[in-house]
Amino acid sequence: MTDDRQGTTPGTGRTPEARPIEPAAPEEFGCTQVWWGDGKGKTTAALGMAVRAAGHGFRVHLCQLMKGGAASVEDARGEYNAIAALPGLSYENLGHYGWHALNDGSDDRDHAAEAQAGFERARALVDACGDADLTSPFPLDGPADEGVHMLVVDELLYAAERELVAPDDVLSVVESKPDDLELVLTGGHERPAYLTDAADLVTNVRKEKHPLDAGVRARKGTEF
């Protein structure tokens, strides 16, 4: 007897395998995703989706706010090295050295200026997507300013939580984004209630235990 269940599952039961990456356009993008919480994994989850989308030939761009380096990490991030080797995926670091509101030698005014500039850059990219045809493929090495299918704005919610970016401005971008743009926002330990109604997916990444609690600093390959 033939098992008809294979015919109703993605891939019709075939074992997945790697294929060459060719420019393509998604058929089901358009959601706004919100990843927040006090646990590790918000950026990690967003990067995982970015890699998955790029693997299908979709154009993906990462804007990373707030993370401009710190004494606890090296000046090279593993994700940037990987992104540089992957077609269709690009990034911009829009952060400032150190961490806001910590006594690490950095100036909070500089953090505020960099966060606002990073947000304006992200907003400009969303606006550019409004002028592009997101139902069509983009060149994998094309500039993000000419349109992307997925935009990840990492740590934007942390900047809004710190009041470095106005939450109402973040909501405005979400409400005005093109219908076919997949917008992924991450960061912050406090619930961004202002986005609950506007977002399609809201995930609370909750900490139960973390090596940091035992004094273990950021580790190469897991945190940077």
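This one's a predicted model, so the numbers in the text were calculated from it and none came from an experiment.

Rules used in this analysis
- The written sequence of each chain sets the order in which its residues are numbered from 1.
- Local features in this predicted model are restricted to residues whose pLDDT is 70 or higher, and side-chain atom pairs enter the listing and the counts only when it is 80 or higher, whereas totals over whole chains, interfaces and linings include all residues.
- In computing side-chain values, all of the structure's heavy atoms are included and hydrogens and water are not.
- Categorising residues by exposure relies on relative accessible area from a 1.4 Å probe, with only protein chains included: less than 20% of the type maximum marks a residue as buried, more than 50% marks it as exposed, and the intermediate range marks it as partly exposed.
- In this description a helix means any DSSP run of H or I spanning at least four residues, a strand means any run of E spanning at least two, and both kinds are numbered starting from the N terminus.
- Should DSSP find at least two bridges between two strands, the strands are regarded as paired.
- Aromatic contacts are taken between Phe, Tyr and Trp rings whose centres are within 6.5 Å, Trp giving its six-membered ring; a plane angle under 30 degrees counts as stacked, one over 60 as edge-to-face, and the others as tilted.
- Between N-to-C directions, angles cover 0 to 180 degrees, with each direction set by a line fitted to C-alpha atoms, over the stretch in contact for helices.
- The contact rule is simple, with two residues in contact once any of their heavy atoms fall within 4.5 Å.

Engineer: Got a sec to walk through the pairing of strand S2 (residues 60-65)? Specific residues and values, please.
Structural biologist: Of all six residues that make up S2, six are buried, and the element is covered over most of its length. Residues Val60, Leu62 and Gln64 point to one face of S2 and His61, Cys63 and Leu65 to the other, with burial holding for every one of them. Sheet topology places S2 next to strand S3 (residues 89-94); six bridges connect them, and they run parallel. Considered in S3, the bridge of Leu65 is made with Leu94.

Engineer: Please set out the packing of aromatic side chains residue by residue, giving values where relevant.
Structural biologist: Taken as a whole, this structure holds two aromatic pairs when the rule is applied. Considering the side-chain rings of Phe29 and Phe58, the 5.4 Å spacing of their centres and the 75° angle between planes classify their relative orientation as edge-to-face. Taken as a pair, Phe29 in the segment before strand S1 (32-36) and Phe58 in the loop between helix H1 (42-55) and S2 lie far apart in primary sequence, 29 residues in all. For Phe58, a relative accessible area of 12% translates into the label buried. Seen from their ring centres, Tyr80 and Tyr91 are 3.9 Å apart, and the 10° between their planes marks the pair as stacked. Of this pair, Tyr80 sits in helix H2 (residues 78-84) while Tyr91 sits in strand S3, and the two are 11 residues apart along the sequence.

Engineer: Got a sec to walk through the sheet that holds S2? Specific residues and values, please.
Structural biologist: With parallel pairing, six strands are arranged side by side in an open sheet as S3-S2-S4-S5-S1-S6. A strand with exactly one partner marks an edge of an open sheet, and here the two such strands are S3 and strand S6 (201-204). Looking at each pair of strands side by side, their axes are set apart by 10° on average, direction ignored. Of the strands in this sheet, S1, S2, S3, strand S4 (150-154) and strand S5 (182-186) are in contact with H1, which crosses S4 at around 160°.

Engineer: Mind laying out the side chain of Glu79, listing which residues take part and the relevant values?
Structural biologist: Along the chain, the position of Glu79 falls in helix H2. With residues up to four places along the chain from it excluded, the contact list for Glu79 reads Leu47, Gln64 and Phe224.

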